[in-house]
Amino acid sequence: MTSDAELKAEIERLRAENEALKKPARGQMSLKVSEKGALSVYGLGRFPVTLYREQWEKLLAMADEIRNFIRDNDARLKKKE
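Everything quoted here is computed from the prediction, not taken from an experiment.

About the cut-offs
- Residues numbered from 1 in each chain as written.
- Predicted model: local features only at pLDDT ≥ 70, side-chain atom pairs only at ≥ 80, totals over all residues.
- Heavy atoms only, no water.
- Helix = DSSP H or I, 4+ residues; strand = E, 2+ residues; numbered from the N terminus.
- Buried < 20%, exposed > 50% of the residue type's maximum accessible area, 1.4 Å probe, protein only.
- Pairing = 2+ DSSP bridges.
- Axes fitted to C-alpha atoms, helices over the stretch in contact; angles between N-to-C directions.
- Patch = residues over 30% accessible without salt bridge, like charges linked within 9 Å, V, L, I, M, F, W, Y side chains within 5 Å.
- Areas by Shrake-Rupley, 256 points an atom, 1.4 Å probe, with all protein chains shown as cover.
- Salt bridge = Lys/Arg side-chain N within 4 Å of Asp/Glu carboxyl O.
- Polar contact = N/O pair within 3.5 Å; in protein donor to acceptor, adjacent residues only side chain to side chain.
- Contact = heavy atoms within 4.5 Å.

A. Seen up close, the environment of Arg-76. Assignment of secondary structure puts Arg-76 in the segment after helix H3 (63-72). Arg-76 sits in the exposed class, given a relative accessible area of 70%.

Now the structure itself:
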């Protein structure tokens, strides 16, 4: 039979494991709605990139233009490894 102390220790271990699983792995991107209702993208850098819906829609509408700009300026743009 398992003691109360062992059960409590196992519950704490499982809680810690559960919390760790909720956090994205390092380098993995994730999305979250901020307190003010904006969309935050985590995992690109030290801080999240947070924009409101309309801003994301404008940015996403420019996706092809951004890709072309990156291609056309490849030699001048630095890459963070």
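B. Spotlight on the sheet that holds strand S1 (residues 30-33). Pairing within the open sheet is antiparallel, and its three strands lie in the order S1-S2-S3. Every other strand in the sheet has two partners, leaving S1 and strand S3 (49-51) as the edge strands with one partner each. Each strand axis lies, on average, 20 degrees off the axis of its neighbour in the sheet, ignoring direction. Summarising the sheet, strand S2 (residues 39-42) and S3 pair through three bridges and their orientation is antiparallel. Its bridge partner being in S3, Val-41 is matched across the sheet by Val-49.

C. Looking closely at a nonpolar patch on the surface. Residues Leu-59, Met-62, Ile-66, Phe-69, Ile-70 and Leu-77 make up a contiguous nonpolar surface patch of about 500 Å² in total accessible area. Ranked by the residues each element gives to the nonpolar patch, the list is headed by H3, at three residues. By secondary structure assignment, the location of Leu-59 is in helix H2 (residues 53-61). Judged by its relative accessible area of 35%, Leu-59 is partly exposed.

D. Here's a closer look at the pairing of S1. The pairing of S1 with S2 spans four bridges and is antiparallel. Paired with Lys-32 across the bridge in S2 is Ser-40. The turn joining S1 and S2, which pair antiparallel and follow one another in sequence, is formed by five residues; a positive phi near 85 degrees is taken by Gly-37.

E. Structural detail: the side chain of Ser-40. The residue Ser-40 is located in strand S2 in this model. Take Ser-40: its relative accessible area is 3%, and that puts it in the buried class. Among the polar contacts made by the side chain of Ser-40, one reaches the side chain of Thr-50 at a distance of 2.7 Å. Not counting residues up to four positions away in its chain, the partners in contact with Ser-40 are Ser-30, Leu-31, Lys-32, Ser-34, Pro-48, Val-49 and Thr-50.

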